[in-house]
Amino acid sequence: MNRNNPPLVIDAARVIAYAFVDDIPYRQWGSLYVAGERVEQVPCLAICSNLGADMGALLCHCDADWHVLGVMLGASVEAGKARAEDNYPGVASRWVDRETSVEAALDYYDAQPERTRCSFCGKRRFEFMGSYVEGDTALICGECISAFHRELNKES
Ligand SMILES: [Zn+2]
């Protein structure tokens, strides 16, 4: 397998530690379902911290290109590593810890070509909750849509 190190940010989460597990004999233990599909052996694991709302430590099960196939929530990085050990015995000695600051992670996130901010208030996609509307050249978050409606009702 082509072992490429993960980016600083996966989806909207900062990578804290990662490990390659493609050559560790997989052990069935517990189960991880995503959209009704069971996620089985993966080649790459990452423990991440969400850039938006704090969700604890995310144990991300990834493909070789670090696309997330499934996520397990854990209380801490240590808990995430311990959970990974259940499926990938010996991974404990493989974790590569990263010292990426939140600032550096946000810089990386902002540099991505995808449109990731509300065109009106400038909030990043993970900073506003709930729905949003996306057009060809702009994105508007639910909060801005609500504010717009309030303004409209005021005027009429
Ligand atoms: Zn907005």
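Residues numbered from 1 in each chain as written. Predicted model: local features only at pLDDT ≥ 70, side-chain atom pairs only at ≥ 80, totals over all residues. Heavy atoms only, no water.

As for the overall build of the protein
Then, number 1: When its secondary structure is counted, the protein shows three helices and 10 strands.
Then, number 2: Along its sequence from the N terminus, the protein presents helices and strands in the succession β-β-β-β-β-β-β-α-β-α-β-β-α.
Then, number 3: Based on the C-alpha atoms only, the size of the protein along its principal axes is roughly 65 × 35 × 30 Å.
Then, number 4: In the protein, which comprises 156 residues, the share counted as buried stands at 37%.
Then, number 5: Considering only residue pairs separated by 6 or more positions, the protein has 50% of its internal contacts joining residues 24 or more positions apart.
Then, number 6: Taken as a whole, the protein presents about 9000 Å² of accessible surface, with 52% of it coming from carbon and sulfur.
Then, number 7: Charge centroids of the protein, computed over 15 positive and 23 negative side chains, lie 2 Å from each other. (Helix = DSSP H or I, 4+ residues; strand = E, 2+ residues; numbered from the N terminus. Buried < 20%, exposed > 50% of the residue type's maximum accessible area, 1.4 Å probe, protein only. Contact = heavy atoms within 4.5 Å. Areas by Shrake-Rupley, 256 points an atom, 1.4 Å probe, with all protein chains shown as cover. Lys, Arg positive; Asp, Glu negative; His and termini not counted. Charge placed at Lys NZ, Arg CZ, Asp CG, Glu CD.)

Digging into the coordination of the zinc ion
Then, number 1: Donor atoms from the polypeptide that bind the zinc ion are C118 (SG), C121 (SG), C141 (SG) and C144 (SG), placed at 2.3 Å.
Then, number 2: Metal-centred angles of 106 to 114 degrees between the four donor atoms at the zinc ion mark the site as tetrahedral.
Then, number 3: Positions of the donor residues of the zinc ion along the chain correspond to the pattern C-x2-C-x19-C-x2-C. On the criterion of sequence distance, the pair formed by C121 in the loop between helix 2 (102-110) and strand 9 (132-134) and C141 in strand 10 (residues 139-141) is long-range, its members being 20 residues apart.
Then, number 4: Judged by its relative accessible area of 0%, C141 is buried. (Donors = N, O, S within 2.8 Å, 3.2 Å for Na, K, Ca; no water. Tetrahedral: all angles 85-135°; square planar, octahedral: opposite > 155°, others 65-115°.)

Side note on the domain arrangement of the protein
Then, number 1: Looking at the assigned domains, one finds that the protein contains domain 1 (9-107) and domain 2 (116-152).
Then, number 2: Put simply, the middle of domain 1 and the middle of domain 2, counted by C-alpha atoms, are 30 Å apart. (Domains from an automatic or database assignment.)

Side note on the nonpolar core
Then, number 1: Formed by 17 residues in total, the largest nonpolar core has its most connected members in L45, L59, Y88, V91 and W95.
Then, number 2: Discounting chain neighbours no more than four positions away, the residues touching L45 are A17, Y18, A19, V21, L59, C60, H61, W66, A84, Y88, V91 and W95.
Then, number 3: Within the second largest apolar cluster, 12 residues are counted, among which are Y18, A46, C60 and C62. (Core = buried A, V, L, I, M, F, W, Y, C linked by side-chain atoms within 4.5 Å.)

Points about the environment of D110
Then, number 1: Here D110 lies in helix 2.
Then, number 2: When the C-alpha positions of D110 and I10 are compared, they lie 13 Å apart, and in sequence the two are 100 residues distant.
Then, number 3: Look past the residues within four positions of D110 in its chain and what remains in contact with it is R117 and R124.
Then, number 4: There is a polar contact of 3.1 Å between the side chain of D110 and the side chain of R117. (Polar contact = N/O pair within 3.5 Å; in protein donor to acceptor, adjacent residues only side chain to side chain.)

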